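# Coordinate analysis (summary)
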Amino acid sequence: MKTKSGQVTEEMVSRFHELNQQAKAIDAELSELKKKFNAHFDFTCGESEKGEVQYGSYKLQRQIRKSESFHTEKTVQKLQELNLQDCIITTKQPDKQKIEAAMTLGLIPLGELDDCLLRKTTPVIVVKEMPSVK
């Protein structure tokens with residue numbers, strides 16, 4: 001399947017489609033197995049508890065990873081009640097709706113903020129199998 005730079009063949013597209021279908025099936029099967037393994041560990045070790053079991057030459061482990069963060073609104077409210085303003089960060093950020101409204105009203109000239117606008121593009125490859133043409 002070696003091609004010149006940038007050249008795409010029907011075989012390449014077909015292989016991509018085939019692999020993509022296999023990947024979806026594999027992801028679905030992995031998800032089902034993970035559910036079963038977690039149900040097993042929930043039953044044998046308890047929910048949110050780590051565990052391990054050995055089957056032949058395989059060791060199945062469940063690790064528990066924990067993360068903590070503060071609920072923004074609740075925490076800010078409590079800190080304000082405690083008069084701890086130093087523990088609160090004030091973030092200045094543009095209000096997209098108000099900017100668009102100001103542009104519509106002519107308060108901000110069109111193009112004035114063009115150099116401030118961040119654009120993100122993400123290429124996505126999609127292959128669909130078409131009915132065969134005879």
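Every chain is numbered on its own, with residues counted from 1 as its sequence reads. Under the rules for a predicted model, residues below a pLDDT of 70 receive no local features and side-chain atom pairs below 80 are neither given nor counted, while totals for whole chains, interfaces and linings still include all residues. Only heavy atoms go into the side-chain values, all of them from the structure, while hydrogens and water stay out.

### Overview of the overall build of the protein chain
The helix and strand tally for the protein chain stands at three helices and two strands. Runs of H or I in DSSP of at least four residues are treated as helices and runs of E of at least two as strands, each being numbered from the N terminus. Along the protein chain, from the amino end to the carboxyl end, the secondary structure elements read α-β-β-α-α. Taken against the 2.2 N^0.38 rule, which gives 14 Å for 134 residues, the C-alpha radius of gyration of the protein chain at 27 Å runs more than 25% over that of a compact globule. In terms of principal-axis extent, the alpha carbons of the protein chain reach across some 60 × 55 × 30 Å. Expressed as a percentage of the 134 residues in the protein chain, the buried residues total 8%. In what follows, a contact means two residues having at least one pair of non-hydrogen atoms within 4.5 Å. Sequence separation of at least 24 residues holds for 13% of the intrachain contacts in the protein chain that already meet a minimum separation of 6. Where accessible areas are quoted, they stem from the Shrake-Rupley method and a 1.4 Å probe; at the residue level, only the protein chains shown are allowed to cover. About 13500 Å² of surface is accessible on the protein chain, with carbon and sulfur atoms providing 54% of the total. Distance between charge centroids for the protein chain: 4 Å, based on 21 positive and 20 negative side chains. As a reference, a globule follows 2.2 Å times the number of residues to the power 0.38, and the radius of gyration itself is taken over C-alpha atoms. The rule is simple: take the accessible area with a 1.4 Å probe, protein chains only, and divide by the maximum for that residue type; under 20% is buried, over 50% is exposed, in between is partly exposed. His is not counted, nor are the chain ends, whereas Lys and Arg count as positive and Asp and Glu as negative. The atom standing in for a charge is NZ when the residue is Lys, CZ when it is Arg, CG when it is Asp and CD when it is Glu.

### Describing the environment of Leu82
Checked against the element boundaries, Leu82 lands in the loop between helix 2 (72-81) and helix 3 (96-105). Put simply, Leu82 and Val8 are 74 residues apart on the chain and 64 Å apart in space, counted from C-alpha to C-alpha.

### Observations regarding the pairing of strand 1 (residues 51-55)
Here the rule is simple: two strands pair whenever DSSP picks up at least two bridges between them. Across five bridges, strand 1 lies against strand 2 (residues 58-62) in antiparallel orientation. Note that in strand 2 the partner of Gly51 across the bridge is Arg62.

### A short note on the pattern of salt bridges
Side-chain pairing between opposite charges can occur once the charged atoms of the two side chains come close. Basic side-chain nitrogens of Lys or Arg form a salt bridge, by our definition, when they fall within 4 Å of a carboxyl oxygen of Asp or Glu. Under the definition given, this model contains four salt bridges. In this structure, Glu32 engages Lys35 in a salt bridge whose closest nitrogen and oxygen atoms are separated by 3.6 Å. You can see Glu32 and its partner Lys35 sitting in helix 1 (residues 10-45), three residues apart, about one turn around the helix. The exposure class of Glu32 is partly exposed, given its relative accessible area of 40%. Note that Arg62 is salt-bridged to Asp42, the shortest N-O span being 2.8 Å. Residue Arg62 is located in strand 2, and its partner Asp42 is located in helix 1; the two are separated by 20 residues in the primary sequence. Relative accessible area serves as the criterion here: at 10%, Arg62 is assigned to the buried category.

### A look at unusual backbone geometry
Of note in this structure, Ser48 is not a glycine but carries a positive phi near 60°. You can see Ser48 is positioned in the loop between helix 1 and strand 1. Not every positive phi belongs to a glycine, and Asn83 is a case in point at roughly 60°. With respect to the element layout, Asn83 can be found in the loop between helix 2 and helix 3.

### Structural notes on the side chain of Arg62
We call two N or O atoms a polar contact when they sit within 3.5 Å, provided that within protein one can donate a hydrogen and the other can accept it, with sequence-adjacent residues counted only if both atoms are side-chain atoms. Of the polar contacts made by the side chain of Arg62, one reaches the side chain of Asn38; its length is 3.2 Å. A distance of 3.0 Å separates a polar atom in the side chain of Arg62 from the backbone oxygen of Gly46. Dropping the residues within four chain positions of it, Arg62 is found in contact with Asn38, Phe41, Asp42, Gly46, Glu47, Ser48, Glu49, Lys50 and Gly51.

### Here we look at helix 2
Burial of helix 2 is sparse: only one of the 10 residues sit out of reach of the surface. At the exit of helix 2 stands Asn83, carrying a positive phi of roughly 60°.

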